[in-house]
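Overview (structure and organization)
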Amino acid sequence: MTAAEQRFCPFDVGEEFRRLREDDPVSRIELPSGTPAWFVARHADARHVLTDERLSSVDASRLMRPGAGDDQVAPPGPGVLLFYDPPEHTRLRRMLAGNFTVRRMNQLRPMVESIVAAQLDEMARAGSPTDFVRSFALPVPSLVVCELLGVPYADRAEFQRRTAAQVDLAMGEEHAAALWAESTEYMARLVVDKRAHPTDDLLGRLVAEHGEELSDTELAGIGVFLLGAGYETTANMLGLGTLLLLRHPEQLARLRDAMGDGAAVDRAVEELLRILTVVNNAAMRQAKEDITVGGQLIRAGEFVLVSLGSANRDDAVHERSDEFDIGRAPGAHLAFGHGIHHCLGAPLARLEMQIAFPALLKRFPALRLAVPFDEIEYLPQSLVHGVRALPVAW
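Here we summarise the structure given alongside this text.

Reading guide: rules and limits
- Residues numbered from 1 in each chain as written.
- Predicted model: local features only at pLDDT ≥ 70, side-chain atom pairs only at ≥ 80, totals over all residues.
- Heavy atoms only, no water.
- Core = buried A, V, L, I, M, F, W, Y, C linked by side-chain atoms within 4.5 Å.
- Buried < 20%, exposed > 50% of the residue type's maximum accessible area, 1.4 Å probe, protein only.
- Contact = heavy atoms within 4.5 Å.
- Helix = DSSP H or I, 4+ residues; strand = E, 2+ residues; numbered from the N terminus.
- Expected span 1.5 Å × (residues − 1).
- Axes fitted to C-alpha atoms, helices over the stretch in contact; angles between N-to-C directions.
- Parallel < 35°, antiparallel > 145°, perpendicular 65-115°, else oblique.
- Left-handed = near helix turned anticlockwise from the far one by under 90°.
- Disulfide = S-S within 2.5 Å.

Below, the discussion takes up the nonpolar core. Core analysis: the biggest nonpolar cluster contains 91 residues, and Phe-136, Leu-243 and Leu-276 have the highest contact counts within it. In contact with Leu-276, not counting residues within four places along its chain, are Phe-11, Met-237, Leu-240, Gly-241, Leu-244 and His-385. Listed in part, the 17 residues of the second largest apolar core include Ala-282, Ala-287, Leu-308 and Ala-311.

Set out below in structure tokens:
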């Protein structure tokens, strides 16, 4: 890793985003592959792009990797609804939506609380100092999403390895494709097993309720997509969010003192989501026809990349947008996207954070960094912001 990459910090992006919003809100950029695209920085323009049906959500992730070559997008993988337009997107999302309702989240709460408590017990047994990423931020969402989908505990480690690697933009395209194929093969075997032996989990219910509508290939694709989407983002929010709180002890104290006040904890989680926006950009869009965004003409076939992070620091929507304030009234942040592709698993991610952060601060009230802040290394070449490791002590 270069010195420049090590210095990269997702907290220090306010001024750069501000310049773009003020001077060049829909700017021409070159993707790592060399393909040109439009970069959207303002909140209003971001919402426009994410809801306009003249822009397709496409799997152009290969264009975010150096040396990918031409500007062809990949066909959407079976079941990966992020890259589908209606009506196919509508069909798949409708089948999944019932698993992420408020009622379902209330049913999942005891399971999440148990997993969080067990990992905190393990941290305490291992002793201080420890790498918070490995001891808490990674295993909690991994165990939660595996329980949700019905993935055997014994397979958790391999699932973590494959998922973490797939969002690493420094990885070659062939390696990334091989990991995706490996994950799909694993999930296909799990689907076959659940058809033969029904289970009461998300994947098992999909098989039972929609097994005749969905092929094994689609079910496997849905499983891989939900495993990745439900793990990597929440894991990085827990790690990066804890680091941000440790960097702002007055905010950490406010959150610790708010324990038992559900509304205050909810506000804190929303502010962490807004200020960090660990998913750097929304999925790529491609214009189906000529369209104007923020006064800029975008031609049919051109790519559009929405900066969710910049949109979430737009003073037109969030006053003092670069300031971290857990008491801020929740606004219309875009950390989970917007429109028909708004993150399906947002209620689960919120539930995990609403439980995890207060429990962590209650169990370890003296939690602190075990190394100087300047020594923390980040994940600069990743589809998701995060820290490589977070040494903490108490």
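What follows covers helix H13 (residues 262-276). Across its 15 residues, H13 extends 21 Å between first and last C-alpha, which sits within 8% of the 21 Å expected from 1.5 Å per residue. Across the 15 residues that make up H13, a large majority, 11, are buried. Looking at the buried residues of H13, the elements they touch are helix H11 (216-247), helix H12 (249-257) and helix H15 (346-363). Thr-277 sits one or two positions beyond H13 and adopts a positive phi of about 40 degrees.

Moving on to the packing of H13 against H15. Close contact between H13 and H15 brings their axes to 10 Å; oriented N to C, the two are set at 110 degrees. Taken as axis vectors, H13 and H15 run roughly perpendicular relative to one another. Where H13 crosses over H15, the handedness of that crossing is right-handed. Across the interface between the two elements, Val-265, Asp-266, Val-269, Glu-270, Leu-272 and Leu-273 of H13 pack against Arg-350, Met-353, Gln-354, Phe-357 and Pro-358 of H15.

A few words now on the state of the cysteines. The final tally for this structure, using the stated rule, is 0 disulfides. The structure places no disulfide on Cys-343, whose sulfur is separated from the nearest cysteine sulfur, that of Cys-146, by 17 Å. The partly exposed category is assigned to Cys-343, whose relative accessible area is 28%.

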